[in-house]
Amino acid sequence: MHLERIDPDGRGRFAFLAYDQGLEHGPEDFRGNPEALSPRFVLDLAHAHGYTAVVLQQGPALATRDLHPDVLRLIKLNGKAGIAKGDPYSPLLCPVEYAVKALRAVAVGYTLYPGSEHEGRMFAEFAEVVRQAQAFGVPAVAWVYPRGKAVQNDTAPEVVAYAARIAYELGADIAKVKWSGTLDSFRWVCESAADTKVVLSGGVLTEDPREFLDVVDKVMKAGGAGVAVGRNVWQRPRADAAAISREIIARVRA
Amino acid sequence: MHLERIDPDGRGRFAFLAYDQGLEHGPEDFRGNPEALSPRFVLDLAHAHGYTAVVLQQGPALATRDLHPDVLRLIKLNGKAGIAKGDPYSPLLCPVEYAVKALRAVAVGYTLYPGSEHEGRMFAEFAEVVRQAQAFGVPAVAWVYPRGKAVQNDTAPEVVAYAARIAYELGADIAKVKWSGTLDSFRWVCESAADTKVVLSGGVLTEDPREFLDVVDKVMKAGGAGVAVGRNVWQRPRADAAAISREIIARVRA
Amino acid sequence: MHLERIDPDGRGRFAFLAYDQGLEHGPEDFRGNPEALSPRFVLDLAHAHGYTAVVLQQGPALATRDLHPDVLRLIKLNGKAGIAKGDPYSPLLCPVEYAVKALRAVAVGYTLYPGSEHEGRMFAEFAEVVRQAQAFGVPAVAWVYPRGKAVQNDTAPEVVAYAARIAYELGADIAKVKWSGTLDSFRWVCESAADTKVVLSGGVLTEDPREFLDVVDKVMKAGGAGVAVGRNVWQRPRADAAAISREIIARVRA
Amino acid sequence: MHLERIDPDGRGRFAFLAYDQGLEHGPEDFRGNPEALSPRFVLDLAHAHGYTAVVLQQGPALATRDLHPDVLRLIKLNGKAGIAKGDPYSPLLCPVEYAVKALRAVAVGYTLYPGSEHEGRMFAEFAEVVRQAQAFGVPAVAWVYPRGKAVQNDTAPEVVAYAARIAYELGADIAKVKWSGTLDSFRWVCESAADTKVVLSGGVLTEDPREFLDVVDKVMKAGGAGVAVGRNVWQRPRADAAAISREIIARVRA
Amino acid sequence: MHLERIDPDGRGRFAFLAYDQGLEHGPEDFRGNPEALSPRFVLDLAHAHGYTAVVLQQGPALATRDLHPDVLRLIKLNGKAGIAKGDPYSPLLCPVEYAVKALRAVAVGYTLYPGSEHEGRMFAEFAEVVRQAQAFGVPAVAWVYPRGKAVQNDTAPEVVAYAARIAYELGADIAKVKWSGTLDSFRWVCESAADTKVVLSGGVLTEDPREFLDVVDKVMKAGGAGVAVGRNVWQRPRADAAAISREIIARVRA
């Protein structure tokens, strides 16, 4: 029921425009297209092309509170900078209540790093986020990236499938995971998530847009519910970003 | 008194169908029988064969809230992924109140890892779970698996007996422990638990069902109160799972 | 004033029957006298011989709530398993209020490990236990066992005396400490405790009861307030346990 | 809106007089000009020259509560001594409510050390400070200094730009960052901060005031919003401190 | 204003009789004068000689609650045993409210160890103690002892001056610091404390009382506000303790 706001046609297809990389990676991500330094760039794109929602941290959400009221917002509740090495901990930065009431969130997101020595704090925080999200009637989206000494390859099919399953076990409505490399393995990923929808984590810019769109096609064929894409959109100049947005959304909504 | 809901005939015999391995081990556990990727598989089995309760984490419990209202649910309150090595910490993911009120729990479970350097946090959380369970009138089940540098062999009789005793000292109604290897040693395990009931932790799939059923027989003869079985049931195809379910339940209820 | 319940004649003499070893040491402690696996054994002894109180963790206290209502109960509020090595942390497992209201505690106990790297958490928890105990009108008993890299010998007189003093500085009504080896040194221990009463920690079973009783004599002559004895009683068969109980209590009440 | 109190003319230009070095560096910072040991020195300067606000920790703010009521105060909410090496953690020492209600804060400040292994606690605390500051109608200023093993050079342009961006992502109204070395690189820093204003962290005393003033000029040309200066003012004798104050403020307000 | 109770004549001179060494050092400190094992010894001295207040932990304060109602009490709020090596953490053991309401505190004390890896927890706790003390109208006294790997010599003038400054920055009314070795350096210590009063930490027993009294003289000449003395008083027999008390108080009140 609480997916309604972000899934008005009930088809369970989602195209999120992710814009939390300023915190996770730093402004170097915007070097090639400095216009994207401002969230206005992604809000404009979402307004024009009908993305399901834009993903924002508390800061950009506050700064653009009155902009594009038609664009839905998924507030990313936790985060960390990409500077420190070692087992990651990404703490809750924004409570669900504040996201919903002050930042107009219609969905909330939280990154889990299973395998990190700090896994426990994140699992417990996210499980509570799920309950809060239930209470406020918004879906909870889990970014799930296994990490730590025991994870050699975080895009290995069994690792990505485990990521998707963890999201399900904790109660996520949607899991955002990496591409596992093949259509067949991604089908297993989607099946592993059971009732939880799976969306592709867009990842780094691919030189040739068709390369990325090909992956989107496979995700959808494998049973995926869509994408959460960022750099593959806003690292391109405005016209190219518009073009690939149309292609992505067409594929997700096909 | 609070055992009534899961022990209607007052005989103190329990056959739990455990389904928290998706979080603890990952979807590889379902590889051999992909139908079990969905909790519907185990709910169907429980419905058909009269398991005491199905063991679920918050996520699957939420997703199947309206399914098989006749099947009782033991909500597993804590959990962790099976990725990180080192001393385990399994944090409380779901409070007793939410389990009872939102997830229809008639019993709650919590895993303790005595010997882990994080033992203290789990002991304290579980002791509070016991008090909450008392307040909400549901039994508290302790999974107890000694771990850490000092534990060479976690199925050694004195280790399993200590596990059972810890459950008793903290106030568990039921302790779930590993097979200690022999009927005699398991009798000592059961005696060590004093007023706490002891159920067998089913463990890995045994090729030949009779091998597992033989252990169940010994558990019951040693004074055990039943089993909490998972992989030995749902890693088999539907017909075989049904067959072994009948055998297990017959032995527990004998 | 709040000692009244456990010291009706106002003489300040105490004989506690300790039964928290199932958690601290495991069921191996009961191997020689399996009857003692059940707390009924110690409750019977306390009923028959007039021990000041029986020392129980939350679990056995819950399980025997309606047994021997005449036997007073000291609820042990913290505890840990004896598996992990390294600096000990024994967390609060049961709040004072629950001990008093739900478990019929007339006294509460807490183990401190000064010198452990986790000392601070235990000192802070116990200082709060003291205030809660004041509020609920029950005495607070501190088990004090110095530990950690800096402690070579935890029965050295200056170590035991420091243990007793710490109990006093934090506000314990009674300190339970180890035998410091001689009557003279134990007199210093008792003096170091100032207004806090000192009771002997019984320790391991002595083959010959007279050996233990001789220590009890010295403790009382040194100014001690009694004993908290466990294994030296309930590791003996029922008749012998009764016999030594009579001897111990005679000495303490002399 | 909540910038009004410290930005009455709405031009978004700020000259903070920082005086939290007594905690961060110790009194050696005042050795050359002992008059500055008392906050009266900086309050007098702020009164005479029209600094936007004086930056004070709780202690000096309490001690000078009734002094110069016309001088605005930015209360620094966290802090640490400069003694310990290793990854820094600067805990919240003063809640926003107390700063505003008891210490007359019209703005609040908090230091972030991205890259420190304690980053998460500071990010979470600051994100809450931002929400509290919103609730009390005062701006939140983030001091941002990347640290830790992965930070070779904390004034490298990409490091300073990341610092500014972090302030934005968490919701700071103003970011205080180090000089990145050149006008061009500082322009990128200011652009990276998007809607967050950037002020220069004054740093160590420059022998020749013109050297510092030249940096201030470049900061303003690069799109900076001003400075937060301390040692370059109050490490000079009263007359020189007055002279450089006039120059700084002229440049910021130009 | 809240110094009134302990500074009735408004001269800002203080002579505290410290008696928290039983916890910090253990009963060995009382070996030479066993009469001092009981706080009655120091309460008698304070009663006879007019010390500003006696410094007590929660335990001795509880035990002597009804003794010498004329003697003022500074309750020491945190503490630790002197057993463990490594970076010290001294946790809050007693809240300000309990100290004031239950233990008749007219002042409260807290030890800070700047430079310890646990510095942050102590800074945060003490900053809160300052605010609580404000609310209850009692002065907050900071014991400040820099520690940790970076501190070679904790009586070096710049280290002691930094200690005094930290007390000021966090809002202490009075700082208790070690002797920095010379009158001149201690003057810098006192100046570094700005509005915070500085009292000498008495330290170990000096064989010849004149040696200690000479330091007291220098402290007062350097601008100090008095002393907090313990071992130099109560490690002497009653008559000598009385004699040196008269000398100390005469110097402080001169």
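Residues numbered from 1 in each chain as written. Chains lettered and ligands numbered in written order. Predicted model: local features only at pLDDT ≥ 70, side-chain atom pairs only at ≥ 80, totals over all residues. Heavy atoms only, no water.

*Asks:* Would you mind going over the overall build of chain A with me for this structure?
*Replies:* Along the backbone of chain A there are ten helices and eight strands. Computed over its C-alpha atoms, the radius of gyration of chain A comes to 17 Å, within 12% of the 18 Å expected for a compact globule of 254 residues. Considering only C-alpha atoms, chain A reaches an extent of 40 × 40 × 40 Å along its principal axes. Out of the 254 residues belonging to chain A, those deemed buried represent 64%. Of the contacts formed within chain A by residues at least 6 apart in sequence, a portion of 69% connects residues at least 24 apart. In the structure as shown, chain A presents an accessible area of about 8700 Å², 50% of it carried by carbon and sulfur atoms. Each charge sign in chain A was given a centre, from 30 positive and 31 negative side chains, and these centres are 2 Å apart. (Helix = DSSP H or I, 4+ residues; strand = E, 2+ residues; numbered from the N terminus. Rg over C-alpha atoms; globule rule 2.2 N^0.38 Å. Buried < 20%, exposed > 50% of the residue type's maximum accessible area, 1.4 Å probe, protein only. Contact = heavy atoms within 4.5 Å. Areas by Shrake-Rupley, 256 points an atom, 1.4 Å probe, with all protein chains shown as cover. Lys, Arg positive; Asp, Glu negative; His and termini not counted. Charge placed at Lys NZ, Arg CZ, Asp CG, Glu CD.)

*Asks:* Help me understand the relation of the copies chain A and chain D, please; the structure alone is not making it clear to me.
*Replies:* What connects the two chain copies is a rotation about an axis and a shift along it. You can overlay chain A on chain D at an RMSD of 0.0 Å; the transform is a turn of 72 degrees with a shift of 0.0 Å along its axis. Here the copies are linked by what is in effect a five-fold axis. (Least-squares fit on C-alpha atoms with pLDDT ≥ 70 in both.)

*Asks:* In this structure, what is going on with the pairing of strand β3 (residues 73–76) of chain E? I would like to understand it.
*Replies:* Within a regular strand, the side chains alternate between the two sheet faces. Residues and elements named next belong to chain E. Judged by which residues are buried, β3 turns out to be covered on both faces: Arg73 and Ile75 on one side and Leu74 and Lys76 on the other are all buried. As judged from the three bridges shared by strand β2 (residues 53–56) and β3, these two strands associate in the parallel manner. In the strand pairing of β3, Val54 is matched with Arg73. You can see the chain leave β2, run along helix α3 (residues 58–63) and come back into β3, and the turn it takes is right-handed. (Pairing = 2+ DSSP bridges. Right-handed = clockwise from strand over helix to strand, strands pointing away.)

*Asks:* Which parts of the structure should I look at to understand the packing of aromatic side chains?
*Replies:* Here a ring pair, both rings aromatic, is described through the centre-centre distance and the interplanar angle of the planes. Scanning all chains against the criterion turns up 30 aromatic pairs over all chains. Both rings, one in Tyr19 of chain B and one in Phe30 of chain B, keep their centres 5.6 Å apart while their planes meet at 40 degrees; by these two values the pair is tilted. On the criterion of sequence distance, the pair formed by Tyr19 of chain B in the loop between β1 (14–18) and α1 (21–24) and Phe30 of chain B in the loop between α1 and α2 (40–49) is long-range, its members being eleven residues apart. Exposure remark for Tyr19 of chain B: the relative accessible area of 0% places this residue in the buried category. A ring pair is formed by Trp179 of chain B and Phe186 of chain B, whose centres lie 5.3 Å apart and whose planes are at 40 degrees; its orientation type is tilted. One exposure class covers both Trp179 of chain B and Phe186 of chain B, and it is buried. Members of the aromatic cluster, each reached through a chain of ring pairs, are Tyr19, Phe30 and Trp234 of chain A. (Phe/Tyr/Trp six-rings, centres within 6.5 Å; stacked < 30°, edge-to-face > 60°.)

*Asks:* Any chance you could explain unusual backbone geometry here in plain terms?
*Replies:* With the exception of glycine, the majority of residues adopt a negative phi angle, and the majority of peptide bonds are in the trans configuration. Positive phi, close to 60 degrees, is recorded for Arg104 of chain C, a residue that is not glycine. For Arg104 of chain C, the location among the structural elements is in the loop between α4 (96–101) and β4 (105–112). Taking relative accessible area as the criterion, Arg104 of chain C reaches 29% and is therefore assigned partly exposed. For His68 of chain E, which is not a glycine, the phi torsion comes out positive at approximately 40 degrees. Accessibility expressed as a relative area gives 18% for His68 of chain E, which makes it buried.

*Asks:* Which parts of the structure should I look at to understand the pairing of strand β6 (residues 174–177) of chain A?
*Replies:* All names here are of chain A. Burial along β6 is two-sided: Ile174 and Lys176 facing one way and Ala175 and Val177 facing the other are all buried. Here strand β5 (residues 140–144) runs beside β6; their pairing, made up of three bridges, is parallel. Across the sheet, residue Trp143 finds its bridge partner in β6, namely Lys176. Between the parallel elements β5 and β6, the chain passes through helix α6 (residues 157–170) in a crossover that is right-handed. Both β6 and strand β7 (residues 197–201) contribute to a ladder of four bridges, which runs parallel. Bridged to Lys176 within β7 is Val199. Read as a crossover between parallel neighbours, the route from β6 over helix α7 (residues 183–192) to β7 is right-handed.

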